[in-house]
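Observations on the model geometry
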Amino acid sequence: MQAAPVRATAIPSFTTALRAVESLLMSGGQRTARRNAWTSVLEDRRRAKDRVEAQRVLDQTPTAPSLTIRP
């Protein structure tokens, strides 16, 4: 019984294939703009996650009694 032949080239990942199609369909400037937009989306999501976490911490922190200044 013979062993199965080994592939000499790796099968491209989905991301690699998508980028190849993207390079065929879009000019360099459009690709850069799309990637910049996606980077902005990811950064906005990260900041939103940080805000939620900060609010959770603030909600769990006991508040100090308010000080009233009387004349």
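Now for a quick tour of the structure.

Calculation criteria
Residues numbered from 1 in each chain as written. Predicted model: local features only at pLDDT ≥ 70, side-chain atom pairs only at ≥ 80, totals over all residues. Heavy atoms only, no water. Helix = DSSP H or I, 4+ residues; strand = E, 2+ residues; numbered from the N terminus. Buried < 20%, exposed > 50% of the residue type's maximum accessible area, 1.4 Å probe, protein only. Areas by Shrake-Rupley, 256 points an atom, 1.4 Å probe, with all protein chains shown as cover. Salt bridge = Lys/Arg side-chain N within 4 Å of Asp/Glu carboxyl O. Patch = residues over 30% accessible without salt bridge, like charges linked within 9 Å, V, L, I, M, F, W, Y side chains within 5 Å. Axes fitted to C-alpha atoms, helices over the stretch in contact; angles between N-to-C directions. Parallel < 35°, antiparallel > 145°, perpendicular 65-115°, else oblique. Contact = heavy atoms within 4.5 Å. Nonpolar A, V, L, I, M, F, W, Y, C, P; charged D, E, K, R; others polar.

A few words now on the overall build of the chain. When helices and strands are counted, the chain shows two helices and zero strands. Residue burial in the chain is summarised as follows: out of 71 residues, 1% are buried. A total accessible area of about 7100 Å² is found for the chain, and carbon and sulfur atoms account for 62% of it.

What follows is about the pattern of salt bridges. Under the definition given, this model contains five salt bridges. For aspartate 44, the salt bridge is made with arginine 47, and the minimal N-O distance between the two is 2.3 Å. Residue aspartate 44 and its partner arginine 47 are located together in helix α2 (residues 28–60), separated by three residues, close to a single helical turn. The exposure class assigned to aspartate 44 is partly exposed, which follows from its relative accessible area of 41%. A salt bridge links aspartate 50 to arginine 46, with the shortest nitrogen-to-oxygen separation between them at 2.6 Å. Taken together, the residues span about one helical turn, with aspartate 50 and arginine 46 both in helix α2 at a distance of four residues.

Together, Val21, Leu24 and Leu25 give the surface a local cluster of nonpolar side chains, amounting to about 360 Å² of exposed area. Looking at where valine 21 falls in the secondary structure, it is placed in helix α1 (residues 14–25).

In a packed pair of helices, the relevant descriptors are the angle between the two axes and the axis-to-axis distance. One can describe the packing of α1 onto α2 by two numbers: an axis separation of 9 Å at closest approach and a directional angle of 130°. The angle between α1 and α2 places the two elements in the oblique class. Facing Arg19, Glu22, Ser23 and Leu25 of α1, the residues of α2 in contact are Gln30, Arg31, Arg34 and Arg35. Residue classes in the contact of α1 with α2 are distributed as one nonpolar, two polar and five charged.

This is a description of form; function is not addressed.
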